[in-house]
Amino acid sequence: QVQLVESGGGLVQPGGSLRLSCAASGRTSSIGTMGWNRQAPGKERELVATITNSGSTNYADSVKGRFTISRDFAKNTVYLQMNSLKPEDTAVYLCYAREWVYSTWSTAWGQGTLVTVSS
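**Student:** Before we go on, may I ask you to explain the state of the cysteines in this structure?
**Tutor:** One way to say it: the disulfide is the covalent bond shared by the sulfur atoms of two cysteines. What the rule picks out here adds up to 1 disulfide. Across the disulfide, C22 is cross-linked to C95 (sulfur-sulfur distance 2.0 Å). Taking the torsion about the S-S bond as the criterion, the C22 to C95 disulfide, at about -80°, is left-handed. In this pair, C22 sits in strand β3 (residues 18-26) while C95 sits in strand β9 (residues 91-101), placing the two residues 73 residues apart along the sequence. Like C22, the residue C95 is buried in the burial classification.

**Student:** Honestly, the nonpolar core in this entry has me stumped. Any pointers?
**Tutor:** What tends to happen in soluble globular proteins is that the nonpolar side chains get buried as a cluster. Judged by nonpolar contacts, the single largest core of 30 residues is most densely connected at L4, M34, W36, L80, M82 and Y93. At the level of secondary structure, the elements contributing two or more residues to this core comprise β1 (2-7), β3, β4 (31-39), β5 (46-51), β7 (67-72), β8 (77-82), β9 and β11 (113-117).

**Student:** How should the side chain of R71 be read in this particular structure?
**Tutor:** In this fold, R71 is placed in strand β7. One buried charge, R71, has no salt-bridge partner; the nearest side chain with opposite charge is D72, at 8.9 Å. Here the side chain of R71 touches T52 through a polar contact of 3.4 Å, landing on its backbone oxygen. Here N53 takes part through its side chain, which lies 2.8 Å from a polar atom of the side chain of R71. Once residues lying within four places of it in the same chain are set aside, the contact partners of R71 are I31, G32, T33, M34, I51, T52, N53, T77 and V78.

What counts as what
Residues numbered from 1 in each chain as written. Predicted model: local features only at pLDDT ≥ 70, side-chain atom pairs only at ≥ 80, totals over all residues. Heavy atoms only, no water. Disulfide = S-S within 2.5 Å. Helix = DSSP H or I, 4+ residues; strand = E, 2+ residues; numbered from the N terminus. Buried < 20%, exposed > 50% of the residue type's maximum accessible area, 1.4 Å probe, protein only. Core = buried A, V, L, I, M, F, W, Y, C linked by side-chain atoms within 4.5 Å. Lys, Arg positive; Asp, Glu negative; His and termini not counted. Salt bridge = Lys/Arg side-chain N within 4 Å of Asp/Glu carboxyl O. Polar contact = N/O pair within 3.5 Å; in protein donor to acceptor, adjacent residues only side chain to side chain. Contact = heavy atoms within 4.5 Å.

Structure follows, in structure tokens:
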């Protein structure tokens, strides 16, 4: 199975930038699409960005043009570069990986990293 560990969260002022990292370990050869979700207090979890094994990306409308997802296959790591951050970006950011196990796709999740955008 796959284990995911996120890092890079913290406190940043509006307009600032942060880069989140998510390192995968374990059966990394079974990983397909990876991505980031986020969950703000009192709100439902929402998809932020995804990246496939071929490098195709997809973004939520709320982050298009500000966030960039990338992937280093040699390091089994996915990144989320967040620029022009807004207070409404404050949330716990969770990395996920789709993995092929027991002839079906399942989802592995990281523990989450908190991003706070505030002056």
